Amino acid sequence: MSEKYDEIVAKHYWAYRPPLHEIILARVLSKNDLFENGLDIGSGTGYSSVALAHYCNQVIGVEPSISMLEKAVPNKKIKYLHGYGTSLPASISEVNIVNFAGSLFYTKSQDLIQELKKVCLDQSTIVVYDFMVLIEEVLEYLGIELKKVSDYDHEINFDDCLDFTKIITSKEQILLSISVSQLAHVLLGDSQIYALFAHKYGIVDPYTQILEKFDSQEQLLSLKVNIYFSKYLLNQPIKDNEN
């Protein structure tokens, strides 16, 4: 995808994100939970970081995409840094909670675990979650055929890693109320779906063309959403006392 297309996708991704981060974290964390230092790996344009900030005094969002970082949601509790989960910025330390919102599939590795052990305190909370909006019927209505050729795994977690103590792993389906204009942003904020619409209409930004397929851009739709979430404690090795 060209840099221009990447900017369009980032623009729509930033324009509207359904409040699924808040919904999922409310299932994983208690409203009374308060952590000093939070880390959001793969923070995108910051929606997951903002959701995490409700439970933290301060949050660092780490994101590899410059386009996403340029549109990151400002928040006085959040500092955004360019970086990768497998090579975190050196300034990060004493982390109490780490958040992976749809990013673990791209980062899960032994290098990631070693980085977590470097920056996290013992028994730090690790939260992994993802969601999948079931939009096949909407795409069919819009004349788009989405070929599922991706090997992306929404349910990836740390259940198979001995470095983590599992607290909970769950999968649920919820209903999301969303307007047509919001739906258009969600569709075009996905690079694969965006490419299909751009090809269909032969233009860089087919947002208006999507809206025209419905009676009103404020028309409300009800979409099914699968949500996946896990919570762990990170087990740090016992360090020998220094003499």
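Only a predicted model underlies this, so the values are computations on that prediction, with no experimental measurement involved.

Participant: Help me out: how do you make sense of the environment of L69 in this one?
Facilitator: Mapped onto the secondary structure, L69 falls in helix α4 (residues 66-70). Look at L69 and you get buried, because its relative accessible area is 17%. A sequence separation of 12 residues divides L69 from L81, and the C-alpha atoms of the two residues are 7.9 Å apart. The residues touching L69, leaving out its near neighbours within four places in the chain, are G44, E63, Y80, L81 and H82.

Participant: Looking at this model, I keep getting lost on the side chain of S48. Mind explaining?
Facilitator: Counting through the fold element by element, S48 comes out in helix α3 (residues 47-53). When its relative accessible area of 3% is taken as the criterion, S48 is described as buried. Look past the residues within four positions of S48 in its chain and what remains in contact with it is H21, D40, G42, S43, N99, A101 and Y129.

Participant: Sorry, what's going on with the confidence of the model for the chain here?
Facilitator: Detailed reading of the predicted model is not advised wherever pLDDT is low. In the predicted model, the chain carries a mean pLDDT of 92, and the fraction of residues at 70 or more is 95%. Put simply, helix α1 (residues 3-15) is where the chain has its lowest mean pLDDT, 81, and strand β1 (residues 35-41) is where it has its highest, 98.

Participant: Could you clarify how one ought to interpret the pattern of salt bridges in this entry?
Facilitator: For side chains of opposite charge, pairing can occur when their charged atoms come near one another. In total, this model carries 6 salt bridges according to the counting rule given. One salt bridge connects E172 with R27, and the closest N-O pair in it is separated by 2.9 Å. Within this pair, whereas E172 is found in strand β6 (residues 164-179), its partner R27 is found in helix α2 (residues 20-28), the two being separated by 145 residues in sequence. Judged by relative accessible area, which is 37%, R27 ranks as partly exposed. For K108, the salt bridge identified is with D160, shortest N-O distance 2.8 Å.

Participant: Help me out: how do you make sense of the pairing of strand β7 (residues 220-234) in this one?
Facilitator: Within β7, 11 of the 15 residues are buried, leaving the element largely enclosed by the surrounding structure. Two strands pair when backbone bridges link them, and strand β5 (residues 120-133) and β7 are joined in this way by 9 bridges, in the antiparallel orientation. Note that in β7 the partner of D130 across the bridge is Y228. Pairing analysis gives 15 bridges linking β6 to β7, with the strands arranged antiparallel. Counted as the bridge partner of E172 is I227 from β7.

Criteria and cut-off values
Residues numbered from 1 in each chain as written. Predicted model: local features only at pLDDT ≥ 70, side-chain atom pairs only at ≥ 80, totals over all residues. Heavy atoms only, no water. Helix = DSSP H or I, 4+ residues; strand = E, 2+ residues; numbered from the N terminus. Buried < 20%, exposed > 50% of the residue type's maximum accessible area, 1.4 Å probe, protein only. Contact = heavy atoms within 4.5 Å. pLDDT = per-residue confidence, 0-100. Salt bridge = Lys/Arg side-chain N within 4 Å of Asp/Glu carboxyl O. Pairing = 2+ DSSP bridges.

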